[in-house]
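# Tertiary structure, described
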Amino acid sequence: PYDNIVPYRRCLYYLYTGNYNMLEATIDAAEDGYDDYWVSCYKYEIGYLRGKILEHEGELEDALDMYTESLAYRPTHSNLRKAIGQTQRLLGNHRKSIKMFTDLQKGSPRSGELNLELAQSYYASGNKNKALEHLETALDVWKNADAIFKPAIEARKKWADWNQIN
């Protein structure tokens, strides 16, 4: 039984490392590795992974549909909700993106990650002041972050870029 989870764990590794070819090659095995009960329990996870593949291929509408369908199986799944917010932003649906991240942020208002996502959504919508406000919060949260912490590096770069423009 625990052998059945190995392909799923490989999929997570491939997503983390950005190896979408291997993710796509392994995802069917991850889904097939579970009996009917576990497939339905983890359907949202498989949907999340399939959505990431679609997003990587530039199929944003299909990715959004996959994320939304998968969210029905687990409405509180934060990674799905973040993926929906990010995809909405990429599609130009800034209001929906901001709403998704604002709702997510209610449980963790000082989340550096969620404040960075909100900053990017506000910036994309043209609201630079609100974007800088959320970016400043993210930077404050990450003020003592290691020099190699990628989200903090990204936030610092955005701060420099956005303040040059303003």
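Source: prediction; values computed, not measured. (Residues numbered from 1 in each chain as written. Predicted model: local features only at pLDDT ≥ 70, side-chain atom pairs only at ≥ 80, totals over all residues. Heavy atoms only, no water.)

### Digging into the pattern of salt bridges
Going through the model one piece at a time under the given rule, you end up with eleven salt bridges. Of the charged contacts in the structure, one is a salt bridge between arginine 50 and glutamate 31, with a shortest N-O distance of 2.8 Å. Remark: glutamate 31 occurs in helix α2 (residues 20-32) and arginine 50 occurs in helix α4 (residues 43-56); sequence separation between them is 19 residues. A salt bridge links glutamate 133 to lysine 130, with the shortest nitrogen-to-oxygen separation between them at 3.6 Å. Highlighted residues: glutamate 133 and lysine 130, both in helix α9 (residues 128-141), separated by three residues, approximately one helical turn. When its relative accessible area of 28% is taken as the criterion, lysine 130 is described as partly exposed. Each of Asp28, Glu31 and Arg50 takes part in one network of salt bridges that share partners. (Salt bridge = Lys/Arg side-chain N within 4 Å of Asp/Glu carboxyl O. Helix = DSSP H or I, 4+ residues; strand = E, 2+ residues; numbered from the N terminus. Buried < 20%, exposed > 50% of the residue type's maximum accessible area, 1.4 Å probe, protein only.)

### Observations regarding the packing of aromatic side chains
One pass over the full model with this rule turns up four aromatic pairs. Considering the side-chain rings of tyrosine 123 and tryptophan 162, the 4.1 Å spacing of their centres and the 5° angle between planes classify their relative orientation as stacked. Taken as a pair, tyrosine 123 in helix α8 (residues 112-125) and tryptophan 162 in helix α10 (residues 150-165) lie far apart in primary sequence, 39 residues in all. Summarising the burial analysis for this pair, tyrosine 123 and tryptophan 162 share the class buried. When the centroid spacing of 5.6 Å and the interplanar angle of 75° are considered together, the rings of tryptophan 142 and phenylalanine 149 count as edge-to-face. (Phe/Tyr/Trp six-rings, centres within 6.5 Å; stacked < 30°, edge-to-face > 60°.)

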